[in-house]
Amino acid sequence: MDREQPITALATAPGRSALAVIRCSGPKTIELCAQCFSSGEALVSAPGYSMVHGWLKDPRNGENIDEVLAAVFRTPRSFTGEDSVEFYCHGSSAVVARALAVLEQQGFSPALPGEFSFRAFINGKTDLVKAEAINELAGANCEAARRDALDRLSGTLSKAYKDLRDELLNLLAELDARLDYPADEVGGEGLEAESGLLARLESCQDRVRSLSQGYSAGKLRQEGALVVVAGRPNAGKSSLFNLIVREERAIVSPEPGTTRDWLEVWVELSGYALRLVDTAGLRQALGEIEAEGVRRSLDLSARADIVLYMVDGRKGLSKEDEAYLERYSYAIKLWNKIDLEECPEPPAGWLGLSAKKGAGLPELEAAVLGRLAMLSGGGAASQKETLRLANARQKTLLDHCLTALDSAQSAAARGLPLDALALDIREAADYLGQISGEITSEEVFDRIFGTFCLGK
Ligand SMILES: Nc1nc2c(ncn2[C@@H]2O[C@H](COP(=O)(O)OP(=O)(O)OP(=O)(O)O)[C@@H](O)[C@H]2O)c(=O)[nH]1
Ligand SMILES: [Mg+2]
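Residues numbered from 1 in each chain as written. Chains lettered and ligands numbered in written order. Predicted model: local features only at pLDDT ≥ 70, side-chain atom pairs only at ≥ 80, totals over all residues. Heavy atoms only, no water.

A. Region of the structure containing the nonpolar core. By size, the foremost hydrophobic cluster in this structure holds 34 residues, and its most contacted members are Tyr161, Leu168, Leu398, Leu405 and Leu432. Beyond its immediate sequence surroundings of up to four residues, Leu398 is in contact with Tyr161, Val208, Leu211, Ser212, Leu389, Leu432 and Ile435. Among the nonpolar cores identified, the runner-up in size contains 32 residues, and Ala225, Met310, Leu334 and Ala355 belong to it. (Core = buried A, V, L, I, M, F, W, Y, C linked by side-chain atoms within 4.5 Å. Buried < 20%, exposed > 50% of the residue type's maximum accessible area, 1.4 Å probe, protein only. Contact = heavy atoms within 4.5 Å.)

Right, here's the structure in full:
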């Protein structure tokens, strides 16, 4: 990525839309845009954060391309920190293609994915954690993900990492002082003489551990929960699937073994995204295809965040049901077909349901929400958030940091010399520096920003 090169990209989704936004950033951006804009002088003299109306033109023949608004941002007060222009044009692929062609002709290069964010990072406008939060916000597909990403974007998570790193660097400075003047301070004794330092080390360990533990909840909220409907053939799984989806999506029939392959759909429940999956009924399969369906059902059960296990209440529990529930004891147990007279009351621990008529659905939703709250670290999606990361890169670095801190603590417990301890703490602090991007290599940047959207 050459930072001296002005870049351009479509920042909105391609395809037909009311408006499309084309972003330009880099040295000489305003002047270059002015050359293909009907009110070029107004653009060059426009203050930052202002809009200029005009026509985007092809400077080679003066042909108008579209009527647009151009927003001007001047360095350093822009997203990238550079001079930038955003064109608000009409959202057709023909307009966008021609506008981009003209801008490229003016000297702009097509931006790589994440290149605007990369520039913002390099120019000190954002740290890596906030840049990743922007990408997470752009990909948020439910309320819980949106809230979490916005919280991270506001800097709470960055601050937690920074405070931790500062504390480790302070510890390190104190250790260095003791190494330089051992006799003055602790008479050459090991760290165990300094319970204050040890307690601070332990507190850092706790903070890193708790951040790392927040990952599974953050990931579930960001990516959605896998909810699998399982049970014996004919229990009513596909009927429940259709009831939740509110359309006849899956085939329902009195014939056992109707669903062969699994079906999935995304639904939102109280701010959580759920990937709801209907599966083939579990039984000793009659043929190869059905056997494959059953194998897939079991595989999905094993990967599910939440299992909804259903039986036909009239038939009660079979040996196969019991075997399944022994393995997936956390499943939410559904006693279906309670609308039928011959269906007995559900036993304790089972939720009565009529997938056909809808009875019991609110109770089922409440049970799912309860499970989601538990899996995502407590609290409904709308409640005040605690710190949660949803990024695998940050999680890996946190775990490395924790390993280094554990090693420091065990060095202290074994009475090893202070310099051994200092090495571990330095390593732990460096991992935190990598999270925020204070210490990182070009190659890592490529990997991080390469996953961003084009135009972001
Ligand atoms: N009366 C009543 N019938 C139901 C209910 N739920 C499902 N059924 C009926 O039970 C039969 C089987 O329903 P499905 O939803 O296809 O069952 P399934 O569990 O998906 O079956 P497989 O795909 O074969 O595993 C159909 O005839 C449904 O109409 C219910 O709550 N009440
Ligand atoms: Mg089915």
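B. Expanded view of the packing of aromatic side chains. One pass over the full model with this rule turns up nine aromatic pairs. Between Tyr309 and Tyr324 the ring centres are 4.4 Å apart and the planes differ by 20°, which places this aromatic pair in the stacked class. One end of the pair, Tyr309, is in strand S10 (residues 306-312); the other, Tyr324, is in helix H12 (residues 319-327), with 15 residues separating them in the sequence. Given the relative accessible area of 6%, Tyr324 is considered buried. Here the aromatic rings of Tyr328 and Tyr330 are separated by 6.1 Å at their centres, their planes lie at 85°, and the arrangement is edge-to-face. (Phe/Tyr/Trp six-rings, centres within 6.5 Å; stacked < 30°, edge-to-face > 60°. Helix = DSSP H or I, 4+ residues; strand = E, 2+ residues; numbered from the N terminus.)

C. Structural view of the site of ligand 1. For ligand 1, the set of nearby residues contains 23 residues, the closest of which are Lys237, Ser239, Gly257, Thr258 and Asp339. In the model, an oxygen atom of ligand 1 is placed 2.6 Å from a nitrogen or oxygen of the Ser239 side chain. For ligand 1, whose unbound accessible area comes to 650 Å², protein coverage reaches 92%. In terms of residue count, helix H10 (residues 237-245) provides more of the shell around ligand 1 than any other element does, three residues in total. Its residues placed into classes, the shell around ligand 1 shows seven nonpolar, 11 polar and five charged. (Near = heavy atom within 4 Å. Polar contact = N/O pair within 3.5 Å; in protein donor to acceptor, adjacent residues only side chain to side chain. Areas by Shrake-Rupley, 256 points an atom, 1.4 Å probe, with all protein chains shown as cover. Nonpolar A, V, L, I, M, F, W, Y, C, P; charged D, E, K, R; others polar.)

D. Region of the structure containing the coordination of the magnesium ion (ligand 2). Coordination of the magnesium ion (ligand 2) by the protein involves Ser238 (OG) and Thr259 (OG1), with metal-donor separations of 2.0 to 2.1 Å. Of this pair, Ser238 sits in helix H10 while Thr259 sits in the loop between H10 and strand S8 (263-269), and the two are 21 residues apart along the sequence. Accessibility classification places Ser238 together with Thr259 in one group, the buried group. (Donors = N, O, S within 2.8 Å, 3.2 Å for Na, K, Ca; no water.)

E. Structural context of the sheet that holds strand S4 (residues 63-73). With respect to topology, six strands assemble into an open sheet ordered S3-S4-S5-S2-S1-S6, the strand pairing being mixed. The open sheet terminates on both sides in strands that have one partner only, identified here as strand S3 (50-58) and strand S6 (109-110). In this structure, strand S2 (residues 17-25) lies alongside strand S5 (residues 84-91), joined through eight bridges in antiparallel fashion. Counted as the bridge partner of Ser25 is Ser84 from S5. (Pairing = 2+ DSSP bridges.)

No statement about biological role is implied by the geometric values presented.
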